[in-house]
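One letter stands for each residue in the lines below.
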Amino acid sequence: MAAVGLQTHIWANNTRSTLLLIGFPVMLTLVLFGLELVLMGFGVLPNSGGTLGDDINYAVGMLAGTIPLAVVVALIWFAIAWFGNQVMIDVMTGARKVERQDAPELYNLLENLAISRGLRTPSLRIIESDSLNAFASGIREGHYSVTVTRGLIDALDRDEMEAVLAHEMTHVINKDVRTMVVASIFAGIISVICQLVFRGLFYLRGGKDNKNALPLILIGFAVAGIGYVFAIVIRLMLSRTREYVADAGAVELTKNPDSMIAALRKVSGRSKLEAPDDVQGMFLDNERAGFTDALFATHPSIDRRIAALVKFGGGRDPGAWDGFDGPVTGDGTAVPVS
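Just so it is clear, the structure is predicted and the values come from calculations on it, not from any experiment. (Residues numbered from 1 in each chain as written. Predicted model: local features only at pLDDT ≥ 70, side-chain atom pairs only at ≥ 80, totals over all residues. Heavy atoms only, no water.)

Val148, Leu152, Met161 and Leu165 are the most contacted members of the largest nonpolar core, which totals 52 residues. Element by element, the count of residues in this core is highest for helix α5 (residues 158-173), at 7 residues. Contacts of Leu165, omitting those with residues within four sequence positions, involve Leu106, Leu109, Leu110, Leu113, Val146 and Val148. Formed by 9 residues, the second largest nonpolar core is a distinct cluster that contains Phe24, Leu32, Ala81 and Met88. (Core = buried A, V, L, I, M, F, W, Y, C linked by side-chain atoms within 4.5 Å. Buried < 20%, exposed > 50% of the residue type's maximum accessible area, 1.4 Å probe, protein only. Helix = DSSP H or I, 4+ residues; strand = E, 2+ residues; numbered from the N terminus. Contact = heavy atoms within 4.5 Å.)

Following this line, the structure appears as structure tokens:
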């Protein structure tokens, strides 16, 4: 059932976070079991010496050691990610923390928004990139952060920047940010493990003494692939409605739908920021082109978001931004500067 209302939306996000945490050791076990079968096929691990069924049963027996290993690895990763998730995200995005004296106007805008909702002010970070993007991160109170790019700071005026910060603050208020961090850090590692393992297997030789080698390798790839697919599904569990809700939250906080719309127009087509796919799901915009990309997109299109703000927020769409911020006529045409 789709989340309706703020409390239901928060409950849905908490449920997703719990499922992600529970699902992590399950996915890891699948990946490790698949790896066992593949390594048996390549002759790296011993086999039963019997039929294919005997080999699979032998691998299942090894799960007695694999499952505890998966749980231990999961717990260790949980601890690392719980306390070090922001450091990881900073490394992956190139973000750096700034203080009030480094960006006083930006910091004051963020602080005012936090105070208006009785929250502790998130830390502020900046990415030195010409891209126009932003995101919130953090798992628990007192450790939330809002990050913006240098390009966004340069392109947006005060009201537009306030709207973007309010959008990210809404992710914090709605607990979206926790779900996004859990998915990007906890589930993302599954994708990394699978890719590293599969690439490494191409350098392995052997398995000629096992008549079941090829079936074991194929089955192992299939099982490990299920774990990889689960990681993709987890990314898709991050409902695209969260961006609509955050846009609406920005309007509620600022009472200025026009600025949110104007900010999105400026961001459109200029938001590309280098980062792992799982982290890009946290961004203000992660618009994709083409049918396949759109199918697995983590965000609704800018046009759809603006249409929602116009319809439900009473905002006005200024149209595509061409980089000109000077005065305009009533029909939106730029006024020549004398």
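Bringing the environment of Val177 into the picture now. As for its placement among the helices and strands, Val177 is situated in helix α6 (residues 176-201). Remark: the alpha-carbon pair of Val177 and Ser137, spanning 40 residues in sequence, is separated by 5.6 Å. Once you skip the residues sitting within four places of it in the chain, Val177 turns out to touch Ala136, Ser137, Gly138, Tyr144, His171 and Val172.

Along helix α12 (residues 302-313), the positions that sit buried rather than exposed are Ile302, Arg305, Ile306 and Leu309. Across the axial projection of α12, the buried residues extend over an arc of 100 degrees, all falling on one side. Structural note: α12 exposes Arg304, Lys311 and Phe312 on the side pointing more than 90 degrees away from its buried face. If you follow the buried residues of α12, they end up packed against α5, α8 (241-254) and α9 (257-267). Just beyond α12, the residue with positive phi is Gly314, at close to 75 degrees. (Arc of directions from axis to C-beta.)

It is worth spelling out the pattern of salt bridges at this point. Considering all chains together, one arrives at 13 salt bridges under this definition. Two residues, Lys266 and Glu160, come together in a salt bridge whose shortest N-O distance is 2.8 Å. Highlighted residues: Lys266 in helix α9 and Glu160 in helix α5, separated in sequence by 106 residues. What makes Glu160 buried here is its relative accessible area of 7%. Measuring nitrogen to oxygen at the nearest pair gives 3.7 Å for the salt bridge that ties Arg305 to Glu243. (Salt bridge = Lys/Arg side-chain N within 4 Å of Asp/Glu carboxyl O.)

Function cannot be inferred from these measures alone, as they are strictly geometric.
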